[in-house]
Amino acid sequence: MSIKSTILGFPRMGSDRQLKKLVEGFWSGKVTEQELAEGSKQLRADHWALQASYGLTEVPVGDFSYYDHVLDAAFAAGIIPERYQQVDNAGTQAYFAMGRGLQNKSIDVPSLEMKKWFDTNYHYMVPEVADNQAFSLHSTKVVDEFKEAKALGYAARPVVLGPVSLLALSKTAKGSSTKPLDHLASLIPVYVELFGQLAAAGAEWVQVDEPVLSLDLEASVYQPAFAQAYAELAQVSGLKYLLTSYFGRLGDNLSWAATLPVHGIHLDLVRGAADLDSALELIPADKVISAGLINGRNIWKANLDKQLATLATIVSARQSAAPVWVSSSCSLLHSPHSLKPEVGHLDEETLGWLSFAEEKVEEVTILAAAIADRDSVAEQLERNAANVLSRQQSERITRPAVQQRLAALDESSYTRQAAFSVRQAVQRDTLKLPLFPTTTIGSFPQTAEVRKARAQFRKGALSQEEYLQFLDVETRKCIEWQDEAGLDVLVHGEFERTDMVEFFGEHLEGFVFTKRGWVQSYGSRCVKPPVIFGDVSRPHAMTVDVAKFAQSCSPNKPVKGMLTGPVTILQWSFVRDDQPRSQTAGQIALAIRDEVVDLEAAGIRVIQVDEPAIREGLPLRKADYEAYLKWSVDVFRLATTGVRNETQIHTHFCYSDFNEIFTAIKSLDADVITIENSKSDLKLLGALEVHGYAAEIGPGLYDIHSPRVPSVEEMAARFAALQKYIPAENLWANPDCGLKTRGWPEVKESLTNLVAVAVAARQAHNA
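Residues numbered from 1 in each chain as written. Predicted model: local features only at pLDDT ≥ 70, side-chain atom pairs only at ≥ 80, totals over all residues. Heavy atoms only, no water.

Peer 1: Teacher, can you tell me more about the overall build of the protein chain here?
Peer 2: Looking only at helices and strands, the protein chain features 28 helices and 24 strands. Taken over C-alpha atoms, the radius of gyration comes to 26 Å for the protein chain, in line with the 27 Å a tight globule of 767 residues would show. Each principal axis of the C-alpha distribution contributes one length, and for the protein chain these read about 75 × 60 × 50 Å. The buried share among the 767 residues of the protein chain stands at 62%. Taking contacts inside the protein chain between residues at least 6 apart in sequence as the whole, the part at least 24 apart equals 78%. Looking at the protein chain as shown, the accessible area adds up to about 28500 Å², and 49% of this sits on carbon and sulfur atoms. For the protein chain, the centre of its 76 positive side-chain charges and the centre of its 96 negative side-chain charges are spaced 2 Å apart. (Helix = DSSP H or I, 4+ residues; strand = E, 2+ residues; numbered from the N terminus. Rg over C-alpha atoms; globule rule 2.2 N^0.38 Å. Buried < 20%, exposed > 50% of the residue type's maximum accessible area, 1.4 Å probe, protein only. Contact = heavy atoms within 4.5 Å. Areas by Shrake-Rupley, 256 points an atom, 1.4 Å probe, with all protein chains shown as cover. Lys, Arg positive; Asp, Glu negative; His and termini not counted. Charge placed at Lys NZ, Arg CZ, Asp CG, Glu CD.)

Peer 1: So what exactly am I meant to see when it comes to the pairing of strand β14 (residues 324-328) here?
Peer 2: For a regular strand, the rule is simple: side chains alternate between the two faces of the sheet. Most of β14 sits inside the fold, with 5 of its 5 residues counted as buried. As paired elements, strand β1 (residues 4-5) and β14 share 2 bridges and run parallel to each other. Note that in β14 the partner of S5 across the bridge is V326. As judged from the 5 bridges shared by strand β13 (residues 288-294) and β14, these two strands associate in the parallel manner. (Pairing = 2+ DSSP bridges.)

Peer 1: How should I be thinking about the environment of C737 in this particular structure?
Peer 2: Positionally, C737 belongs in the loop between α27 (712-723) and α28 (744-766). The spacing of C737 and P612 is 125 residues in sequence and 9.4 Å in space, taken between C-alpha atoms. Beyond its immediate stretch of four places on either side in the chain, C737 contacts I441, H652, C654, I704 and H705.

Peer 1: Would you mind showing me how to read the UniProt feature "domain: Cobalamin-independent methionine synthase MetE N-terminal" (unreviewed entry) in the protein chain here?
Peer 2: Those residues carrying the UniProt feature "domain: Cobalamin-independent methionine synthase MetE N-terminal" (unreviewed entry) are residues 5-316 in this numbering. From the first C-alpha to the last, residues 5-316 spans 17 Å; its make-up is 41% helix and 15% strand. (UniProt positions renumbered as here; feature names shortened; annotations may be inferred.)

Peer 1: Hey, could you run me through the packing of aromatic side chains in this one?
Peer 2: Aromatic ring pairs are described here by two measures, namely the spacing of the ring centres and the angle between the planes. Tallied over the full model, the rule gives 27 aromatic pairs. Where F226 meets Y230, the ring centres are 6.1 Å apart and the plane angle is 10 degrees; that geometry is what we call stacked. With F226 and Y230 both in helix α9 (residues 219-233) and 4 residues apart, this pair spans about one turn of that helix. We classify F226 as buried; its relative accessible area is 0%. (Phe/Tyr/Trp six-rings, centres within 6.5 Å; stacked < 30°, edge-to-face > 60°.)

Peer 1: Where do I start with helix α15 (residues 378-393) in this structure?
Peer 2: An α-helix turns once per 3.6 residues; consequently, residues spaced three or four apart project the same way. Under the 1.5 Å per step criterion, the end-to-end length of α15 is 23 Å for 16 residues, consistent within 8% with the ideal 22 Å. Every buried residue of α15 is listed here: L381, N384, N387, V388 and R391. The buried residues of α15 occupy an angular sector of 125 degrees when projected down its axis, which confines them to one face. Away from the buried face of α15 by more than 90 degrees, exposed residues E379, E382 and Q393 are located. Looking at the buried residues of α15, the elements they touch are α12 (304-317), α13 (348-353) and α14 (357-372). (Expected span 1.5 Å × (residues − 1). Arc of directions from axis to C-beta.)

Peer 1: Just checking my understanding: could you explain the packing of helix α23 (residues 581-601) against helix α24 (residues 625-640) for this structure?
Peer 2: Helix-helix packing is characterised by the crossing angle of the two axes and by the distance between the axes. Interhelical geometry of α23 versus α24 gives an angle of 20 degrees and a closest axis separation of 7 Å. Comparing the axis directions of α23 and α24 gives the class roughly parallel. For the element pair α23 and α24, the recorded crossing hand is right-handed. Contacts between α23 and α24 pair R581, S582, A585, G586, A589, L590, I592, R593 and V596 from the former with W631, V635, R637, L638 and A639 from the latter. Looking at the contact of α23 with α24 residue by residue, the class counts come to 9 nonpolar, 2 polar and 3 charged. (Axes fitted to C-alpha atoms, helices over the stretch in contact; angles between N-to-C directions. Parallel < 35°, antiparallel > 145°, perpendicular 65-115°, else oblique. Left-handed = near helix turned anticlockwise from the far one by under 90°. Nonpolar A, V, L, I, M, F, W, Y, C, P; charged D, E, K, R; others polar.)

See below:
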């Protein structure tokens, strides 16, 4: 049997982050719109050529995006809020304003809300649907890109975010009352028009992504919505639809999804392998099954023999049915571009364990070839089996002392000395902070000078002593400015850190680091996740010397010790898959606990352990919530409960729906939480009203992912709303998140305004 080989999508940024440079150049005025378009066109062509070079039967198109694929879908459907329509006649500048805001002499608009894309570290922009929403085909981007690929001679399959998922991932615009899904009937004609253009351009298949099918869906709402949408889309002649979901099992949704008038269904058989038996029974014989057998979410080589056995089961069961495809489990957007730059950087053993996007394309084609003629790829299969066995047997993986320490813990390791009310009184007496204390989340701008010094140090052009002296100067300047600006609890700025996870991984055993293992986080922002390959331990202190120096620069105000929490280190790394994630998180927690204790011993009175990824790690299905929340809370408490009552423990959360985990947030037993708030229309207040919160809290007063500077009036209105829900003695003033990606001028102006808001509120409260 001949099997189609394909993938669901490819990383956008390029092998050397070319798209990042193009987009940021456009924002700064150094790259014209035409240059941006031409450079992006070349990047797409390069990516298609690479995929085709491995023999993929069909390449995906439309997966490329300047900023975000959900934003692309909304923009294409004319879901452009009125405040952006004045920008550039709703053109490219308006598109970017929706993603990152825009502020100049004539325009001041914030960006759309940003949220995590399911349980990944990718962020998407949340479309806003108004009561009077008018839909129209505003952009033919996917049609144009299909024509590009076709002109270059590639067999291509357009990728489009489906209408139901687009609306399900949207939110009701401010001042409106209808739910986004109520507008489905009005949106469908736009998709019919778009798909008609694709059919006219020569497309045979369209990959319609409906990832909400991996969630718990209310069947009475979503089943008729899907039925309505796909019945109308089926009227477009000459086009076939691959209904695509990923990141988990379809579960109960499979029974009715299988009956939709589509021509194929994609299954994520990595994270949703439990669907296979039901799928073989329920998916009609005239529908293609696309088997997602290569993990798009992690970087380990697939066990090809194991996945080949699964593929053989599918093929055997579908002998007289429609063809079978083999694919990635999800888009390879979540994988680094290629292993080639890592040759000579990583050791040969580790290199043999890994597979990035380019290598995953090859794995897909090997599976497709092997099912037809195993001998044709016997050498590749033998090499893969040897690499898989090497990882299983490596002595580098297991450290008995680490596992024994984790196994020996008792309940006292997860509990603070006293209840919060007792700790709060002691901390107020010790820290003597004013009402509405002000602080920041941790990082300050990573300027060109900081990046240059780091690069020179790594190349050997700066000695370690010279580099440390440079960092000391930057740290002192940062602390002195914060003090002069009137902030109450200071931070050292994190100039020594490239990334809040990578930095700690570099100081822990059990991690390795790539040279160019970049993945997109949001917009042009890329991160380089470390790789956790074995048991984790802390061989030495990681932040103590820097924290001590920083505190010495501020004799009258506390400087926070800044750490990343165990769940976030886990979530933002590529994690070993040979033991439960909870066990790896526990090992990381012990390492962070040792650092927390050492910081306290060094005289650091406020210690922040950031956990922005706790919500991100929440399973997609509610049946799995309890187990995850139990261990994620446990590892945070394990990391933070080794200190005295006098030491104030902070944590931070960002860009999530918090209602579902607010009970868990309370169970963390932190003294202060700072939490994203400004981009989500104060939805946090609803969670506070429902669940209550007795400890101290700092909801963010402004969005740091946008270059715009919020006014005093804007932040004062937000702060006044917060005071209705949070007791004054428990309320902090702070930004949404760290300031690493911003520039010093906007940071200084924004924080000066924030301090002014807190001081005015303090005076009004005391009047």
